[in-house]
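Listed here are the chains, written in short residue letters.
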Amino acid sequence: MSARIEDKGDRIVIWNGNAHKRGALSPELYACIGQAIEMAAEPRIRAVILTSEGDFFCAGGDLNVLIARRDMPKDERRGKINELHSLIRGIRSCPVPVIAAVEGGAAGAGLSFALACDLIVAAAGAKFTAAYVKAGLVPDGGLTASLARALPRQLAMEMCLLAQPVTVERMHDLGVVNAVTDKGGAFDAAMAIADRLAAGPREAQGVIRGLVAQGYDVSEADQLEAECDAMAHATGADEAAEGIAAFLEKRTPNYGG
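Keep in mind that what you see is a predicted model, and the values were worked out from it rather than measured.

A.B. asks: Please clarify how the side chain of asparagine 16 should be interpreted in this entry.
C.D. replies: Structurally, asparagine 16 is set in strand β2 (residues 11-16). One polar contact links the side chain of asparagine 16 to the main-chain amide nitrogen of asparagine 18, over a distance of 3.4 Å. One polar contact links the side chain of asparagine 16 to the main-chain carbonyl oxygen of phenylalanine 57, over a distance of 3.2 Å. Those residues in contact with asparagine 16, other than ones at most four positions away along the chain, are Ser2, Gly23, Ala24, Leu29, Thr51, Ser52, Glu53, Gly54, Phe57 and Cys58.

Written as C-alpha coordinates, this is what we have:
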(Lines give C-alpha, C1' and ligand atoms only; values in the text may rest on other atoms or scores of the structure.)
Protein backbone atom coordinates (compact mmCIF):
# COMPACT_ATOMS: atom_id res chain seq x y z
CA MET A 1 0.00 0.00 0.00
CA SER A 2 1.64 3.24 -1.14
CA ALA A 3 -0.42 5.48 1.16
CA ARG A 4 -3.05 5.21 3.86
CA ILE A 5 -5.04 7.30 6.33
CA GLU A 6 -5.15 6.60 10.05
CA ASP A 7 -8.09 8.18 11.89
CA LYS A 8 -7.10 8.77 15.50
CA GLY A 9 -10.31 10.47 16.60
CA ASP A 10 -9.12 14.04 17.09
CA ARG A 11 -6.47 13.93 14.37
CA ILE A 12 -5.80 12.34 11.00
CA VAL A 13 -2.46 10.83 10.04
CA ILE A 14 -1.55 10.52 6.37
CA TRP A 15 1.06 7.80 5.90
CA ASN A 16 3.16 7.90 2.73
CA GLY A 17 3.97 4.21 2.35
CA ASN A 18 5.91 4.23 -0.91
CA ALA A 19 9.12 3.35 0.96
CA HIS A 20 10.77 1.35 -1.84
CA LYS A 21 10.79 4.56 -3.92
CA ARG A 22 11.80 6.85 -1.02
CA GLY A 23 8.24 8.05 -0.64
CA ALA A 24 7.83 9.20 -4.26
CA LEU A 25 4.47 10.69 -5.16
CA SER A 26 1.69 8.25 -6.00
CA PRO A 27 -2.01 8.45 -6.95
CA GLU A 28 -2.80 6.82 -3.61
CA LEU A 29 -0.95 9.56 -1.71
CA TYR A 30 -2.85 12.21 -3.65
CA ALA A 31 -6.14 10.49 -2.81
CA CYS A 32 -5.27 10.20 0.88
CA ILE A 33 -4.27 13.86 1.18
CA GLY A 34 -7.49 14.93 -0.54
CA GLN A 35 -9.59 12.70 1.70
CA ALA A 36 -7.85 13.91 4.85
CA ILE A 37 -8.45 17.55 3.95
CA GLU A 38 -12.15 16.81 3.50
CA MET A 39 -12.30 14.95 6.82
CA ALA A 40 -10.58 17.87 8.57
CA ALA A 41 -13.81 19.86 8.27
CA GLU A 42 -15.38 17.61 10.92
CA PRO A 43 -15.49 19.43 14.30
CA ARG A 44 -13.79 16.51 16.08
CA ILE A 45 -10.61 16.87 14.00
CA ARG A 46 -7.99 19.17 15.50
CA ALA A 47 -4.92 18.45 13.38
CA VAL A 48 -3.61 16.59 10.34
CA ILE A 49 -0.18 14.93 10.33
CA LEU A 50 1.64 14.15 7.07
CA THR A 51 4.42 11.60 7.48
CA SER A 52 6.02 8.50 5.95
CA GLU A 53 6.36 4.83 6.78
CA GLY A 54 9.86 4.56 5.33
CA ASP A 55 13.07 6.36 6.21
CA PHE A 56 12.45 9.24 3.76
CA PHE A 57 9.52 11.67 3.91
CA CYS A 58 8.99 12.14 0.18
CA ALA A 59 11.37 12.17 -2.78
CA GLY A 60 8.92 14.03 -5.02
CA GLY A 61 7.79 12.99 -8.48
CA ASP A 62 8.64 9.59 -9.94
CA LEU A 63 10.94 10.38 -12.90
CA ASN A 64 9.65 7.34 -14.81
CA VAL A 65 6.17 8.85 -14.61
CA LEU A 66 7.42 12.30 -15.56
CA ILE A 67 9.33 11.11 -18.62
CA ALA A 68 6.19 9.37 -19.89
CA ARG A 69 4.47 12.77 -19.99
CA ARG A 70 6.82 14.04 -22.71
CA ASP A 71 4.46 12.91 -25.47
CA MET A 72 1.33 14.31 -23.82
CA PRO A 73 -0.19 17.54 -25.14
CA LYS A 74 0.84 20.50 -23.00
CA ASP A 75 -2.70 20.97 -21.66
CA GLU A 76 -2.66 17.41 -20.35
CA ARG A 77 0.72 17.98 -18.71
CA ARG A 78 -0.69 21.12 -17.10
CA GLY A 79 -3.64 19.09 -15.85
CA LYS A 80 -1.33 16.63 -14.10
CA ILE A 81 0.61 19.45 -12.44
CA ASN A 82 -2.63 21.09 -11.34
CA GLU A 83 -3.58 17.90 -9.50
CA LEU A 84 -0.54 18.52 -7.32
CA HIS A 85 -1.32 22.22 -7.03
CA SER A 86 -4.90 21.49 -5.92
CA LEU A 87 -3.52 19.45 -3.02
CA ILE A 88 -1.06 22.21 -2.08
CA ARG A 89 -3.96 24.68 -2.04
CA GLY A 90 -5.96 22.21 0.03
CA ILE A 91 -3.23 21.92 2.65
CA ARG A 92 -2.86 25.71 2.73
CA SER A 93 -6.61 26.18 3.27
CA CYS A 94 -7.18 23.23 5.61
CA PRO A 95 -9.45 24.26 8.53
CA VAL A 96 -7.04 22.77 11.09
CA PRO A 97 -3.24 22.92 11.37
CA VAL A 98 -1.26 20.49 9.23
CA ILE A 99 2.00 19.12 10.64
CA ALA A 100 4.79 17.55 8.56
CA ALA A 101 6.82 14.88 10.35
CA VAL A 102 9.97 14.43 8.27
CA GLU A 103 12.40 11.53 8.52
CA GLY A 104 15.39 11.34 6.17
CA GLY A 105 14.51 14.33 4.06
CA ALA A 106 12.13 15.96 1.63
CA ALA A 107 12.94 16.57 -2.02
CA GLY A 108 11.19 18.13 -5.00
CA ALA A 109 7.42 18.07 -4.60
CA GLY A 110 7.98 16.36 -1.26
CA LEU A 111 9.60 19.60 -0.11
CA SER A 112 6.63 21.48 -1.55
CA PHE A 113 4.30 19.39 0.60
CA ALA A 114 6.39 19.91 3.73
CA LEU A 115 6.59 23.68 3.25
CA ALA A 116 2.84 23.88 2.59
CA CYS A 117 2.26 22.55 6.11
CA ASP A 118 1.82 24.90 9.06
CA LEU A 119 4.43 23.23 11.25
CA ILE A 120 7.43 21.01 10.46
CA VAL A 121 9.26 18.65 12.78
CA ALA A 122 12.18 16.71 11.34
CA ALA A 123 14.70 14.16 12.49
CA ALA A 124 18.40 14.87 12.86
CA GLY A 125 20.26 14.25 9.62
CA ALA A 126 17.29 15.07 7.39
CA LYS A 127 17.99 17.15 4.29
CA PHE A 128 15.77 19.41 2.21
CA THR A 129 16.45 19.44 -1.51
CA ALA A 130 15.09 21.12 -4.64
CA ALA A 131 16.95 19.08 -7.27
CA TYR A 132 14.69 19.68 -10.28
CA VAL A 133 17.54 21.31 -12.20
CA LYS A 134 19.51 18.06 -12.20
CA ALA A 135 16.80 16.52 -14.36
CA GLY A 136 16.36 19.61 -16.54
CA LEU A 137 13.10 20.43 -14.76
CA VAL A 138 11.78 23.40 -12.80
CA PRO A 139 10.08 23.57 -9.38
CA ASP A 140 6.34 23.15 -9.01
CA GLY A 141 3.95 22.65 -6.10
CA GLY A 142 4.39 26.28 -5.04
CA LEU A 143 7.97 25.56 -4.05
CA THR A 144 9.47 28.83 -5.28
CA ALA A 145 6.77 30.81 -3.47
CA SER A 146 7.36 28.86 -0.24
CA LEU A 147 11.13 29.24 -0.45
CA ALA A 148 10.84 32.96 -1.20
CA ARG A 149 8.74 33.43 1.94
CA ALA A 150 10.93 31.27 4.13
CA LEU A 151 14.53 31.86 3.05
CA PRO A 152 16.94 34.57 1.92
CA ARG A 153 16.93 34.95 -1.87
CA GLN A 154 20.48 33.72 -2.28
CA LEU A 155 19.84 30.51 -0.37
CA ALA A 156 16.65 29.84 -2.35
CA MET A 157 18.68 30.35 -5.54
CA GLU A 158 21.39 28.00 -4.27
CA MET A 159 18.80 25.30 -3.59
CA CYS A 160 17.03 25.67 -6.93
CA LEU A 161 19.91 26.51 -9.31
CA LEU A 162 22.60 24.29 -7.79
CA ALA A 163 20.39 21.60 -6.24
CA GLN A 164 22.27 22.15 -2.98
CA PRO A 165 20.68 20.23 -0.08
CA VAL A 166 20.09 22.15 3.15
CA THR A 167 20.41 20.34 6.46
CA VAL A 168 17.59 20.20 8.95
CA GLU A 169 19.81 21.94 11.48
CA ARG A 170 20.24 24.93 9.18
CA MET A 171 16.53 24.97 8.37
CA HIS A 172 15.84 24.98 12.09
CA ASP A 173 18.24 27.86 12.64
CA LEU A 174 16.41 29.79 9.91
CA GLY A 175 13.06 29.12 11.54
CA VAL A 176 11.68 26.91 8.77
CA VAL A 177 11.68 23.74 10.89
CA ASN A 178 10.00 24.04 14.28
CA ALA A 179 11.85 21.22 16.03
CA VAL A 180 14.66 18.75 15.38
CA THR A 181 14.27 15.30 16.92
CA ASP A 182 16.38 12.20 17.22
CA LYS A 183 16.20 9.88 14.21
CA GLY A 184 12.90 8.03 14.29
CA GLY A 185 11.34 10.64 16.57
CA ALA A 186 9.64 13.01 14.14
CA PHE A 187 6.24 11.32 14.28
CA ASP A 188 6.15 11.28 18.09
CA ALA A 189 7.05 14.97 18.12
CA ALA A 190 4.24 15.72 15.67
CA MET A 191 1.81 13.77 17.84
CA ALA A 192 2.87 15.83 20.87
CA ILE A 193 2.12 19.03 18.94
CA ALA A 194 -1.25 17.58 17.93
CA ASP A 195 -1.95 16.89 21.63
CA ARG A 196 -1.37 20.56 22.39
CA LEU A 197 -3.61 21.63 19.54
CA ALA A 198 -6.35 19.24 20.65
CA ALA A 199 -6.44 20.94 24.05
CA GLY A 200 -6.86 24.38 22.50
CA PRO A 201 -9.72 26.37 20.97
CA ARG A 202 -10.41 24.81 17.53
CA GLU A 203 -12.21 27.78 15.99
CA ALA A 204 -9.64 30.32 17.15
CA GLN A 205 -6.78 28.12 15.92
CA GLY A 206 -8.38 27.88 12.49
CA VAL A 207 -8.81 31.64 12.28
CA ILE A 208 -5.24 32.24 13.45
CA ARG A 209 -3.73 29.91 10.83
CA GLY A 210 -5.81 31.64 8.16
CA LEU A 211 -4.73 35.11 9.27
CA VAL A 212 -1.04 34.18 9.38
CA ALA A 213 -1.24 32.51 5.97
CA GLN A 214 -2.91 35.46 4.27
CA GLY A 215 -0.58 37.91 5.97
CA TYR A 216 2.10 37.06 3.41
CA ASP A 217 -0.10 38.05 0.49
CA VAL A 218 -2.13 41.13 1.47
CA SER A 219 -1.37 44.71 2.43
CA GLU A 220 -1.03 45.77 6.04
CA ALA A 221 -4.26 47.76 5.70
CA ASP A 222 -6.15 44.69 4.50
CA GLN A 223 -4.62 42.56 7.24
CA LEU A 224 -5.62 45.06 9.91
CA GLU A 225 -9.18 44.93 8.61
CA ALA A 226 -9.16 41.12 8.61
CA GLU A 227 -7.82 41.03 12.17
CA CYS A 228 -10.47 43.54 13.25
CA ASP A 229 -13.28 41.36 11.89
CA ALA A 230 -11.77 38.20 13.34
CA MET A 231 -11.22 39.69 16.80
CA ALA A 232 -14.70 41.23 16.87
CA HIS A 233 -16.12 37.77 16.22
CA ALA A 234 -13.79 36.02 18.67
CA THR A 235 -14.65 38.28 21.62
CA GLY A 236 -18.29 37.26 21.27
CA ALA A 237 -17.64 33.54 20.88
CA ASP A 238 -17.95 30.75 23.46
CA GLU A 239 -14.26 29.88 23.19
CA ALA A 240 -13.24 33.32 24.38
CA ALA A 241 -15.75 33.22 27.21
CA GLU A 242 -14.25 29.94 28.44
CA GLY A 243 -10.64 31.01 27.84
CA ILE A 244 -10.98 34.35 29.62
CA ALA A 245 -12.89 32.79 32.52
CA ALA A 246 -10.24 30.08 32.92
CA PHE A 247 -7.45 32.69 32.91
CA LEU A 248 -9.16 34.82 35.55
CA GLU A 249 -10.00 31.75 37.65
CA LYS A 250 -6.44 30.39 37.29
CA ARG A 251 -7.57 27.05 35.85
CA THR A 252 -7.04 25.11 32.64
CA PRO A 253 -9.66 26.00 30.02
CA ASN A 254 -11.98 23.29 28.74
CA TYR A 255 -12.69 23.82 25.06
CA GLY A 256 -14.54 20.55 24.67
CA GLY A 257 -11.90 18.88 22.53
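A.B. asks: Explain the packing of aromatic side chains here, please?
C.D. replies: Two measures describe an aromatic ring pair: the distance that separates the ring centres and the angle between the ring planes. Counted under the stated rule, the structure contains 1 aromatic pair. Here tryptophan 15 and phenylalanine 187 contribute two aromatic rings whose centre-to-centre distance is 4.9 Å and whose plane-to-plane angle is 45°, an arrangement assigned as tilted. Taken together, the positions of tryptophan 15 in strand β2 and phenylalanine 187 in helix α8 (residues 186-198) put the pair 172 residues apart, joining distant regions of the chain. Residue class for tryptophan 15 comes out buried when judged on its relative accessible area of 12%.

A.B. asks: Got a minute to help me understand the pairing of strand β1 (residues 3-7) in this structure?
C.D. replies: Working note: regular strand, side chains alternate between the two faces of the sheet. Two strands pair when backbone bridges link them, and β1 and β2 are joined in this way by 5 bridges, in the antiparallel orientation. Each bridged residue has a counterpart across the sheet, and for arginine 4 the counterpart in β2 is tryptophan 15. If you look at the hairpin formed by β1 and β2, you'll find 3 residues sitting between the two strands, and glycine 9 has a positive phi there, around 90°.

Procedures and definitions
Residues numbered from 1 in each chain as written. Predicted model: local features only at pLDDT ≥ 70, side-chain atom pairs only at ≥ 80, totals over all residues. Heavy atoms only, no water. Helix = DSSP H or I, 4+ residues; strand = E, 2+ residues; numbered from the N terminus. Polar contact = N/O pair within 3.5 Å; in protein donor to acceptor, adjacent residues only side chain to side chain. Contact = heavy atoms within 4.5 Å. Phe/Tyr/Trp six-rings, centres within 6.5 Å; stacked < 30°, edge-to-face > 60°. Buried < 20%, exposed > 50% of the residue type's maximum accessible area, 1.4 Å probe, protein only. Pairing = 2+ DSSP bridges.

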